[in-house]
Amino acid sequence: MDIVLKVNNLTKTYSGSEGKQVRALEEISFEVPRGIIFGLLGPNGAGKTTTIKSICGLVQPDAGSISVNGWDVQCQRAKALAQLTAVLEGNRNIYWRLTPRENLEFFAAIRGRKPRRLNREIPELLEVFGLTEKANQPVRKLSRGMQQKLALAVTLVTGAPILLLDEPTLGLDVKASYEIRSLLRRIVQEEQRTVIITTHDMNVVQDICQHVVIINEGRIVANDNIQHLLDLFQVRSYDLVVGQLTPGQRTGLEQIPHLRLEPVNSGWQISLDMENPTLLWQALDVLGSEQTPIESVSRKELNFEKVFMEILGGAKA
Amino acid sequence: MKLWLGFAAMLKKEIILMRRYFVNSLGGIITIYIIFMLIFWGYTGLGGAGLKLGTTIDSLVVSYVTWLMLMMAWQTIPYTLLQETQEGTLEQLCMSPLGLTVLSAFKLIAGVLTDLLVVIAMLALTMATTGTSLNIDIISLLPLILFALMAVSGLGFFFGGITLMYKRIQSYLQIVQFALIALVAADPSPVFRWLPATLPSHWIRMVMIKGQNLSYIPAGDWLTMLFSSLLYLFVGIAVFKLCEAKARRQGTLGHF
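Residues numbered from 1 in each chain as written. Chains lettered and ligands numbered in written order. Predicted model: local features only at pLDDT ≥ 70, side-chain atom pairs only at ≥ 80, totals over all residues.

Some words on the interface of chain A and chain B
Alright, step 1. In this complex, chain A contributes 28 residues to the contact, which on the side of chain B involves 27 residues.
Alright, step 2. Taken together, the elements giving at least two residues each to the side of chain A that touches chain B come down to α1 (48-55), α2 (77-81), β6 (84-87) and α3 (100-109) of chain A.
Alright, step 3. With four residues, the single largest contributor to the side of chain A that touches chain B is α3(A).
Alright, step 4. A class-by-class count of the residues in the side of chain A that touches chain B yields 16 nonpolar, six polar and six charged. (Contact = placed C-beta atoms within 7 Å. Helix = DSSP H or I, 4+ residues; strand = E, 2+ residues; numbered from the N terminus. Nonpolar A, V, L, I, M, F, W, Y, C, P; charged D, E, K, R; others polar.)

Description of the sheet that holds strand β2 (residues 21-33) of chain A
All names here are of chain A.
Alright, step 1. Strands sit in the order β2-β1-β4-β5 across an open sheet of four strands; the sheet is antiparallel. The open sheet is flanked by β2 and β5 (71-72), the only strands paired with a single partner.
Alright, step 2. As defined by bridge partners, strand β4 (residues 63-68) adjoins β5 across two bridges and the pair is classed as antiparallel. Note on β5: the bridge partner recorded for S67 is D72. (Pairing = 2+ DSSP bridges.)

A look at the domain arrangement of chain A
Alright, step 1. According to the domain assignment, chain A contains domain 1 (3-231) and domain 2 (237-300).
Alright, step 2. A C-alpha centroid distance of 45 Å is found between domain 1 of chain A and domain 2 of chain A. (Domains from an automatic or database assignment.)

So, the confidence of the model for chain B
Interpreting fine coordinate detail is not advised for predicted regions of low pLDDT.
Alright, step 1. Summing up the model confidence of chain B, the mean pLDDT is 90 and the portion of residues at 70 or higher is 95%.
Alright, step 2. For chain B, helix α2 (residues 22-47) of chain B is the element with the lowest average pLDDT, namely 84, and helix α9 (residues 219-250) of chain B is the one with the highest, namely 96. (pLDDT = per-residue confidence, 0-100.)

A few points about the nonpolar core
Alright, step 1. Formed by 144 residues in total, the largest nonpolar core has its most connected members in A153(A), L164(A), V195(A) and L70(B).
Alright, step 2. Residue contributions to this core peak at 14 residues, all from helix α3 (residues 53-87) of chain B.
Alright, step 3. Setting aside residues no more than four positions away along its own chain, V195(A) makes contact with I37(A), F38(A), L163(A), L165(A), L184(A), I187(A) and V188(A).
Alright, step 4. Listed in part, the ten residues of the second largest apolar core include L240(A), L245(A), W268(A) and V286(A). (Core = buried A, V, L, I, M, F, W, Y, C linked by C-beta atoms within 7 Å. Buried ≥ 20, exposed ≤ 12 C-beta atoms within 10 Å, placed from the backbone.)

Details of unusual backbone geometry
Residues and elements named next belong to chain A.
Alright, step 1. Phi is positive for N9, which is not a glycine, with a value near 50 degrees.
Alright, step 2. What makes N9 partly exposed here is the crowd of 13 C-beta atoms within 10 Å.
Alright, step 3. Residue E217 is not a glycine yet carries a positive backbone phi of 50 degrees.
Alright, step 4. Looking at the secondary structure, you find E217 in the loop between β9 (211-216) and β10 (219-225).

Description of the sheet that holds strand β13 (residues 268-273) of chain A
Residues and elements named next belong to chain A.
Alright, step 1. Pairing in this open sheet of four strands is antiparallel, and the strands run β12-β13-β11-β14 from one edge to the other. In the strand order of this sheet, the two ends are held by β12 (259-263) and β14 (294-299), each with one partner. With direction set aside, neighbouring strand axes in the sheet form an average angle of 15 degrees.
Alright, step 2. Relative to β14, strand β11 (residues 237-242) is paired through five bridges, and the arrangement is antiparallel. Across the sheet, residue L240 finds its bridge partner in β14, namely V297. (Axes fitted to C-alpha atoms, helices over the stretch in contact; angles between N-to-C directions.)

Details of α9(B)
Residues and elements named next belong to chain B.
Alright, step 1. When the terminal C-alpha atoms of α9 are compared, their 46 Å separation across 32 residues agrees well with the 46 Å that a helix rising 1.5 Å per residue should span.
Alright, step 2. Buried within α9 we find M225, S228, S229, Y232, L233, G236, I237, F240, C243, E244, A247 and R248.
Alright, step 3. Turning to α9, the residues buried within the fold contact α5 (100-130), α6 (138-166) and α8 (198-210).
Alright, step 4. Remark: G251 follows α9 within two positions and exhibits a positive phi of approximately 75 degrees. (Expected span 1.5 Å × (residues − 1).)

Remarks on the packing of α6(B) against α8(B)
All names here are of chain B.
Alright, step 1. Between α6 and α8, whose axes approach to 9 Å, the crossing angle comes to 160 degrees. Considering their axes alone, α6 and α8 lie roughly antiparallel with respect to each other. Note that α6 runs across α8; the crossing there is left-handed. Facing S140, L141, L144, I145, F147 and A148 of α6, the residues of α8 in contact are P200, S201, W203, I204 and V207.
Alright, step 2. Across the contact of α6 with α8, the residue classes tally to nine nonpolar, two polar and no charged. (Parallel < 35°, antiparallel > 145°, perpendicular 65-115°, else oblique. Left-handed = near helix turned anticlockwise from the far one by under 90°.)

Written out as structure tokens, the structure reads:
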């Protein structure tokens, strides 16, 4: 596997108010292979932005190293930065007083792109992003969705093989969010670029990411293929809908760890996480004691949001 | 990476914005002109009939235009950084392989070139209004202007660095604008001649008012101008780089 980004033992502490030290990252390490959409996830204050900004050379870590396509971000800064580009503030990363075309020309030029090639590339990019008609209007007059698309187009025009996108769909309506996701898939599939995104929208993660790293309180709590994470949690969680329970049964079931009991129309729903297989037998024993009918058994349908919460919950425990 | 591409991009952006916001730029020129006229009327009112038009008013025109040129140059970097931070584009510039120092220098040069149009317009306007006749000896003025610009660019980098670290420093930046008046108008005494742009400003006055040329400037003054201008420029750049590195350590580079 061709690794384009290596983060090794990254550690960062900020000096807070009154000299208080705030540990933002604690020896985090991960690798990103070429040609995938990689999710960097975590709750607010987990350390995602510090990680992204360290990769972009905007924050200097206290310890650890980052290498981008073999170039060290701290020691070989210019060469490393030539390999990546980022949208860190959504639609604010572009000049609102310039037009989309002027923005593309400016950001390409400060990244060393020659004008001759851009004469062909910029109209193509404007076309792909649906901005051709607005190409000569000041960006401040465009909708937020169009501004976000332009910010994404700016990352592409730089020619960098790695794109870091902080909340690329934040504040967009359903249609614009869908379009951005389609564009990201296309960038990865057709151009073999690598996209690293941070987002709080787990639907976006489940939809487009192949691999995720979840950070919590400055530490990595999960680093895995997204499908694998979904499978892992899906097989261990079941919902049982049963008939009416006696007070004694309810007390018995509530004593079983990792079991949740909720009333439903016809009786009760038992949600059981199968961390320990014997728990299922315990639950069945309680139900069997009164020959309570089991209406249905289903594997719990997990979306990635639930997986994310489970992982964070586990990390805290 | 070709540096000229980065410089051309900065210059093009300056020209586009100046043209697009021409009415706004014009408003700025009118304001500067009104301020000059207020000073001029106040000056002539106070001086009355005793005022010698050939010296004092000439000196006022030259000093005002020199101050205007240097003020526009020195504030380019700190105010641009402040604006880029507020707009959210500073981080994009920091991620350019050219680096923030080089891009800031390009922005400064592009700004000076476009601001030069305003300075020339203002010189013509003030000369016409006051009826003064000045010696515009480009060959003699060019190196003197360059020395003065280098020194105030050093100040620009210095305060640009402070801006990167602390951001909300507009009120302090305004103080420097007024300090520049003193630097431009000060007599080049053995001590003051070492201040940024003071000696070049003195010789700009000598050329434009007294009709002197480069051959009138003593070797000691040449050396002082060269040494002090380079010193201010390099110290300014060094402070800028230190502040940029510190902002990276603190993680506050793009924060406002």
